[in-house]
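# Report on the structure
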Amino acid sequence: MSAAAWKQRCEAEWGLQGAPMPDTVDWKSVYEAKPLGRNLLKNPAPLGFSKDSPPPEPELPDVPPGGPPRFQPDGDFPGWTTSTEILPYDTSGIPEDVVICALPTYSWFTLEQVVDLKAEGLWDELLDTFQPKIVIQDWYEESQLHESIYQLHVKLLGTDKTTVISEHTAKPTENMSVYSHNWKEVSHVFSSYGPGVRYVHFQHRVKNSFLNDFFPTRFTGSSVIVKPVKSS
């Protein structure tokens, strides 16, 4: 197939009429990469759960008495950079004369990933001139472990992988009086973000606790999708 035919196929499939499509782009490679409309994050559900099924109910303790405490969930995390921050005990609101036998230990479990938009098949002129919508979506379990159990921070970065062109942060607060135990959606759409975007830095954090047993906040369905022009 000729270069012009590959270009025409990309234009027709993704509704690129009116978008910049220079002949210098390898349109066969772009078509095969299919960068528009698919999730560009690797391993979007590392804990093995689906948002289309309810989160599992808490199970019996999987840490033997006297065993080492856990501070992060079990999972398969290729594609992610992970870290754990163990938080100090929260003694606020406890009267001085009250004896506390044990307090839960909370930890933030952080996962982050950087998407190289050009490596995924997008091209400079589309990102700089047309600026297609970049849709962020994530789901976390309403675990009711704490009033703050989830945080999201997404940055659109320039060619140096450092300059922040646009960013979005979400820090929802939980209703501790209602036990709903559903998946909760967090989403954002980047549009008209300006020229120069080449990378997307996706980071989310979930809070876990340990008090004799390990109690996680689960998550799933993380996604970064550059929308096809025809559906923008």
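- Going by what an unreviewed UniProt entry lists, the protein chain is known as F-box only protein 50 and is assigned to Ataeniobius toweri.

### A short note on the environment of Gln151
- With respect to the secondary-structure elements, Gln151 resides in strand E4 (residues 150–157).
- With relative accessibility at 16%, the residue Gln151 sits in the buried group.
- Taking the C-alpha atoms as reference points, Gln151 and His204, 53 residues apart in sequence, are found 5.5 Å from one another.
- Ignoring sequence-local partners within four residues, the contact set of Gln151 consists of Trp108, Ala170, Lys171, Gln203, His204 and Arg205.

### A short note on the environment of Ser222
- Among the secondary structure elements, Ser222 is positioned in strand E9 (residues 219–226).
- Take Ser222: its relative accessible area is 1%, and that puts it in the buried class.
- Sequence separation of Ser222 and Pro46 is 176 residues, and the distance between their C-alpha atoms is 9.5 Å.
- When residues no more than four places from it in sequence are discounted, the contact partners of Ser222 are Asn39, Leu41, Pro44, Trp80, Gln137, Asp138, Phe202 and His204.

### A closer look at the sheet that holds E9
- Spatially, three strands are ordered E6-E3-E9 in an open sheet, and the strand pairing comes out antiparallel. In this open sheet, the two edge strands, each paired with only one partner strand, are strand E6 (183–190) and E9. In this sheet, neighbouring strand axes are inclined to one another by 10 degrees on average, regardless of whether the strands run parallel or antiparallel.
- In the sheet, strand E3 (residues 134–141) pairs with E9 via six bridges, with the strands oriented antiparallel. From the neighbouring strand, Trp139 faces E9, where its bridge partner is Thr220.

Quick notes on the rules
Residues numbered from 1 in each chain as written. Predicted model: local features only at pLDDT ≥ 70, side-chain atom pairs only at ≥ 80, totals over all residues. Heavy atoms only, no water. Helix = DSSP H or I, 4+ residues; strand = E, 2+ residues; numbered from the N terminus. Buried < 20%, exposed > 50% of the residue type's maximum accessible area, 1.4 Å probe, protein only. Contact = heavy atoms within 4.5 Å. Pairing = 2+ DSSP bridges. Axes fitted to C-alpha atoms, helices over the stretch in contact; angles between N-to-C directions.

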